[in-house]
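Examination of the molecular architecture
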Amino acid sequence: LSLSLSLSKDLMMYGGVGGGSEDPSSALYYKHGMKSYLDKIEGITNVKVFDDLWYLDLAELDEACVIDAACSKSLRWHRVDVTGSRPGSGFGAGVLLDPSENLYIIGGTDSSFAERNELFVFQLRDPFFKHCSASGSALTSAMAGVKSVFYLQCMDNFGEPADGASFKVDISGPVGMIPGIVSLGNGKYSCSYTPVKVGSYSLSVFVGRGGDKYQDLITGRDSEPSNNALDGEFEKLCTFDAAGILACQPAQNPYTLTVVPGPTSPDITLALGSHLTISTAGVAANFVITARDAFANRRPGGDSISVLNRLWACKGIDVTDRKDADECLRVGQEQFPNRTPETGTVTDNSDGSYSTSYLITCAGQYSLAIAFSGTFGAGSPYILTVVTDVADKSLTYVYGKLKGIAAGVASELYVQTRDRYGNPIRADQNLFPLGQVNGGTENIQFEVCKNVVSRGGGAGQCGGGEEYTAVGVTITYSMGPDGQTNDPGTGDPYFGLYQIVYFPFDAEPVQPRVLHGDKAVDGEEADNAETAVVKCYFDTTLVEQVRSKMDPGADFANACIQEVAAAESEARRSGLRHSNPLPMIHISAPSNSADESDSSMAQKVTMLESHSSRSPLPPSSSHNARRAVTVVKETDLIVDIETTFHPSNTDLMRKWLSLAPLVCAGIAGFFSCCVLGGELLSAHRRKQLTADTLDDAPKAAPAASPARDASSPCVNDVDEPANFAVIDDLLRQGLLTREQHANAMKMAEKRDPRVMGAISFYDRNRMRTALMMTKLTSLGCPTADDAPCAGNLDPLAHSNIQI
């Protein structure tokens with residue numbers, strides 16, 4: 001044996017030799033065989049050399065047991081397992097257990113009696129991997145974004161709690177994680193990590209000093225690892241049973257860790273599909289919501305999701321992108337706060353996706369909100385634009401002034417087009433600009449007929465009847481009675497509204513008809529295109545010309561349309577043709593009496609009201625009755641167009657017109673005489689001034705002038721010598737060079753207008769100067785002694801002289 005006794009009363013034993021069998025009966029044989037083994041006698045097989053390490057805790061050994069052999073307790077040997085390499089079998093080695101209970105095994109002899117020069121050191125108080133275990137649900141399951149904690153406990157080789165353990169916890173999978181480890185004391189530790197990515201991971205726990213190379217997977221087990229408890233649950237992986245057989249349980253380490261998604265994050269959850277922002281009235285729309293947690297992990301399903309659509313007023317903002325939508329949500333408001341919002345149907349696909357569908361029949365702009373247990377998310381709210389279905393021509397109606405129509409005065413009608421759900425037809429403003437003449441998506445036609453042969457929009461103009469052509473017509477898309485393209489109340493365009501402005505010229509009975517057809521696309525007529533005559537008209541003559549008061553509304557219009565449809569259906573069942581007396585407009589002839597015109601208008605208004613009495617108001621449209629809107633079916637429409645040209649008393653105007661030429665001629669003659677007299681007076685003054693100047697001027701010898709061509713047209717010009725004299729005078733004064741003088745002579749010969757004008761200007765100013773000097777010298781010398789005398793005249797002193 002190799003023995004060592006430490007201060008902690010631990011008796012260590014390493015190696016040694018013994019019997020080759022554990023059978024006690026072999027002890028005597030071992031006793032005699034030992035000597036033979038030590039004598040190196042060959043063939044000895046009943047002796048065994050050991051390599052194991054044992055310790056005996058002597059702490060319970062008392063004096064009575066040692067001296068008197070009166071031991072009250074049994075002392076048991078404990079086998080010590082160590083990590084890393086260990087000495088082989090042998091005996092006679094030096095064994096030392098220092099105060100820190102580090103075990104040193106030095107030298108010894110192996111089974112062949114060879115001496116060994118080895119030193120082994122074992123830190124018996126370090127945590128031993130076979131005596132370490134892990135516990136906690138976080139070893140096998142975790143949730144993304146949630147801090148997960150499990151616990152470790154370690155004992156040393158003596159089975160006592162071991163602090164100061166050096167652990168390495170490796171979590172590998174979709175992403176790597178390095179947990180944090182904190183010592184709790186008494187050989188216990190906590191280990192925490194926060195996963196962010198879902199998936200399956202492998203969690204491994206190592207312990208040992210000296211780095212990764214000297215660390216081992218802990219093999220201790222926890223009988224209930226999911227309860228986060230450590231005390232009393234530690235089990236060794238392998239133990240000896242009562243029969244001395246070593247039995248091992250399945251290893252727990254490494255652990256299989258599953259990370260599941262965290263709670264649904266409304267901000268990270270996605271919604272995809274074009275029907276989030278656009279759909280068509282009456283058409284089922286759908287999109288998909290994919291629920292995700294805060295780390296974008298897809299959720300497994302089970303969320304409480306609702307979809308709400310509320311009519312939203314964008315106050316005129318044309319929503320074309322997300323920026324426009326955000327602005328609309330910021331400045332807009334819910335149109336009908338007390339109205340129950342449209343809801344969507346949400347189906348859980350149990351894979352994190354939710355199929356969502358909705359069906360809305362009321363066109364307009366909606367705020368589409370996706371709520372997760374009451375919290376909006378998935379990028380919502382969105383601005384959803386529900387566009388109208390194709391136009392239903394049978395639901396189109398007309399309102400406007402139908403009474404008191406006068407020749408020479410523009411009148412207005414408004415055509416409201418709708419789809420089968422009663423929505424005003426919406427058009428893309430980029431493709432169909434507001435306020436465009438003959439614009440919009442619908443082909444609206446306006447006929448004024450003298451008579452109509454075929455009802456219901458028969459072939460040709462006026463159903464084959466005669467057309468009234470003395471009328472100007474303009475049809476403008478989205479133009480309201482206020483002259484604007486947008487409703488000032490909502491800021492939205494006048495969707496589906498067409499303004500008809502017509503200007504009749506002649507006074508005679510006519511019938512107006514509005515036809516609703518299909519507009520050609522790229523110059524080609526639509527397949528199965530047909531044109532329908534609008535059946536219901538509403539007179540708004542007595543109503544304030546504001547759309548909110550002029551438009552009879554859907555209920556009122558639908559009641560009229562239903563009555564017409566019922567009458568036509570009854571006529572078809574009876575085999576008769578639904579026809580009423582031909583509606584006409586009477587355009588009155590010019591009248592000299594305003595009272596007669598008013599009387600005619602009142603008569604026709606009464607006639608219209610008698611026709612309208614056939615169509616009762618619907619019960620829900622009593623508010624329209626208060627507007628004084630009168631319903632007129634197409635088959636009952638008779639309108640008077642009166643003249644506004646009443647002849648006035650023009651006798652006084654005719655007298656003035658007959659005298660006007662004489663008065664104008666007299667005025668013109670007077671002004672002509674004044675001008676002529678002024679010109680003659682000016683000419684006389686110039687002549688007198690010239691004569692005075694020539695009389696007072698000294699006689700000078702005529703200057704030589706160059707010879708001229710006798711064929712020149714200016715040969716006999718009496719002013720020509722004076723012209724050359726002026727040019728010569730300028731040369732003498734040094735104002736012209738000889739070259740300039742020669743050029744001036746040539747230009748004067750050719751009667752150049754520029755030179756002739758300059759000579760005339762020079763000559764006139766010279767004569768005026770002479771006249772001024774004559775006048776000044778004739779005044780004499782002032783009498784005052786200090787006044788300047790003649791010969792020293794100061795022209796400024798006589799500035800009152802007028803020339």
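Residues numbered from 1 in each chain as written. Predicted model: local features only at pLDDT ≥ 70, side-chain atom pairs only at ≥ 80, totals over all residues. Heavy atoms only, no water.

Considerations on the overall build of the chain
Of regular secondary structure, the chain possesses 11 helices and 45 strands. Taken over 803 residues, the chain has a buried fraction of 38%. The long-range share in the chain, meaning contacts at least 24 apart out of those at least 6 apart in sequence, stands at 69%. Total accessible area computed for the chain in this model is approximately 44,000 Å², and 54% of it derives from carbon and sulfur atoms. (Helix = DSSP H or I, 4+ residues; strand = E, 2+ residues; numbered from the N terminus. Buried < 20%, exposed > 50% of the residue type's maximum accessible area, 1.4 Å probe, protein only. Contact = heavy atoms within 4.5 Å. Areas by Shrake-Rupley, 256 points an atom, 1.4 Å probe, with all protein chains shown as cover.)

With respect to the environment of Cys 248
The residue Cys 248 is located in strand E21 (residues 246–248) in this model. With 10 residues separating them along the chain, Cys 248 and Cys 238 place their C-alpha atoms 3.9 Å apart. Apart from residues lying up to four places away in sequence, Cys 248 is in contact with Leu 237 and Cys 238.

Overview of the state of the cysteines
Overall, the coordinates contain 5 disulfides when judged by the stated rule. The disulfide that involves Cys 132 links it to Cys 154, with 1.7 Å between the sulfurs. Here Cys 132 and Cys 154 share a disulfide; its torsion about the S-S bond, 120°, makes the bridge right-handed. Of this pair, Cys 132 sits in strand E10 (residues 132–135) while Cys 154 sits in strand E12 (residues 148–154), placing them 22 residues apart in sequence. (Disulfide = S-S within 2.5 Å.)

Observations regarding the sheet that holds strand E37 (residues 442–449)
Taken in spatial order, the 3 strands line up as E37-E40-E41 in an open sheet, and their pairing is antiparallel. The open sheet has two edge strands, E37 and strand E41 (532–533), and neither has a second partner. With 8 bridges joining them, E37 and strand E40 (residues 511–518) adopt antiparallel strand pairing. Bridge pairing in E40 places Glu 447 opposite Arg 513. (Pairing = 2+ DSSP bridges.)

Quick notes on empty space enclosed by the protein
The full count for this structure, using the stated rule, is 3 cavities of 30 Å³ or more. Here the largest cavity is characterised by a volume of approximately 90 Å³. Considering the residues around the largest cavity, the lining is formed by Asn 309, Arg 310, Leu 311, Glu 334, Gln 335, Phe 336, Arg 339, Thr 340, Pro 341, Glu 342, Cys 362 and Tyr 366. Per-element tally for the lining of the largest cavity: the top contributor is strand E26 (residues 305–313), with 3 residues. When its residues are assigned to classes, the lining of the largest cavity shows 5 nonpolar, 3 polar and 4 charged. (1 Å grid on protein atoms, 1.4 Å probe; cavity = no way out; pocket = protein on both sides within 12 Å on 5 of 7 lines; lining within 4 Å. Points joined across faces, edges and corners; volume = space filled by probe spheres on them. Nonpolar A, V, L, I, M, F, W, Y, C, P; charged D, E, K, R; others polar.)

Some points on the pattern of salt bridges
Counting across every chain of the model gives 19 salt bridges. Linking Arg 298 and Asp 351 is a salt bridge whose minimum nitrogen-to-oxygen distance equals 3.7 Å. On the criterion of sequence distance, the pair formed by Arg 298 in the loop between strand E25 (285–290) and E26 and Asp 351 in the loop between strand E29 (345–348) and strand E30 (353–358) is long-range, its members being 53 residues apart. Asp 351 sits in the partly exposed class, given a relative accessible area of 37%. Of the charged contacts, one joins Glu 466 and Lys 450 as a salt bridge, the two residues approaching to 3.5 Å between their closest N and O atoms. (Salt bridge = Lys/Arg side-chain N within 4 Å of Asp/Glu carboxyl O.)

Observations concerning the sheet that holds strand E15 (residues 188–193)
Strand order in the open sheet made by the 4 strands is E10-E12-E15-E14, with antiparallel pairing throughout. Taken across any chain shown, the strands that pair with only one partner, and hence form the sheet edges, are E10 and strand E14 (180–185). For this sheet, the mean inter-axis angle between neighbouring strands, taken without regard to orientation, is 25°. Strand direction decides the pairing type here: E12 and E15, joined by 6 bridges, are antiparallel. Paired with Tyr 151 across the strands is Ser 190, a residue of E15. (Axes fitted to C-alpha atoms, helices over the stretch in contact; angles between N-to-C directions.)

Describing helix H5 (residues 554–574)
Its 21 residues place the ends of H5 30 Å apart at the C-alpha level, agreeing with the 30 Å of an ideal helix rising 1.5 Å per residue. Taken as a whole, H5 has its buried residues at Phe 556, Ala 557, Ala 559, Cys 560, Ile 561, Val 564 and Ala 571. Gly 575 sits one or two residues past H5 and shows a positive phi near 75°. (Expected span 1.5 Å × (residues − 1).)

Regarding the side chain of Arg 547
Residue position: Arg 547 is located in helix H4 (residues 547–550). Overall, the relative accessible area of 16% leaves Arg 547 in the buried class. Every residue in contact with Arg 547, bar those within four places of it in the chain, is listed here: Tyr 399, Gln 416, Pro 481, Asp 487, Tyr 494 and Leu 497.

A closer look at the packing of aromatic side chains
Enumeration over the complete set of coordinates arrives at 13 aromatic pairs. With a centroid separation of 6.3 Å and 5° between ring planes, the pair formed by Phe 120 and Phe 122 is classed as stacked. Overall, Phe 120 belongs to the buried group, its relative accessible area being 15%. Residue Phe 122 is classed as buried on the basis of its relative accessible area of 6%. Between the aromatic rings of Tyr 399 and Tyr 414, the centroid separation amounts to 5.8 Å while the plane-to-plane angle is 25°, which identifies the pairing as stacked. Of this pair, Tyr 399 sits in strand E34 (residues 397–400) while Tyr 414 is found in strand E36 (residues 411–416), placing the two residues 15 residues apart along the sequence. For Tyr 399, a relative accessible area of 0% translates into the label buried. (Phe/Tyr/Trp six-rings, centres within 6.5 Å; stacked < 30°, edge-to-face > 60°.)

Some words on the side chain of Asp 222
Here Asp 222 lies in strand E18 (residues 221–222). Once residues lying within four places of it in the same chain are set aside, the contact partners of Asp 222 are Ser 133, Ala 134, Ser 135, Asn 227, Ala 229, Leu 230, Glu 233 and Gln 252.

A look at the nonpolar core
Note that soluble globular proteins tend to have their nonpolar side chains buried in a common cluster. Counting residues in hydrophobic clusters, the biggest one holds 27 residues, and the most contacted among them are Phe 150, Tyr 193 and Leu 203. Listed by contribution, the elements that provide at least two residues to this core are E10, E12, strand E13 (167–172), E15, strand E16 (199–207) and strand E22 (255–260). Top element by residues in this core is E16. It accounts for 4 residues. Ignoring sequence-local partners within four residues, the contact set of Leu 203 consists of Ala 138, Leu 139, Phe 150, Val 169, Asp 170, Ile 171, Tyr 193, Asn 253, Pro 254, Tyr 255 and Leu 257. (Core = buried A, V, L, I, M, F, W, Y, C linked by side-chain atoms within 4.5 Å.)

Quick word on unusual backbone geometry
Following Asn 253, the chain continues into Pro 254 via a peptide bond in cis, with omega recorded as 5°. Of note, Pro 254 is situated in the loop between E21 and E22. Residue Ser 380 is joined to Pro 381 through a cis peptide bond whose omega torsion reads 5°. Along the polypeptide, Pro 381 turns up in the loop between strand E32 (375–376) and strand E33 (382–387). Notably, Asn 186 is not glycine yet its phi reads approximately 60°, a positive angle. Structurally, the position occupied by Asn 186 is in the loop between E14 and E15. Despite not being glycine, Ser 373 has its phi angle at roughly 55°, a positive value. Within the secondary structure layout, Ser 373 lies in the loop between strand E31 (364–372) and E32. Judged by its relative accessible area of 61%, Ser 373 is exposed.

Bear in mind that shape data such as this cannot, by itself, settle questions of function.
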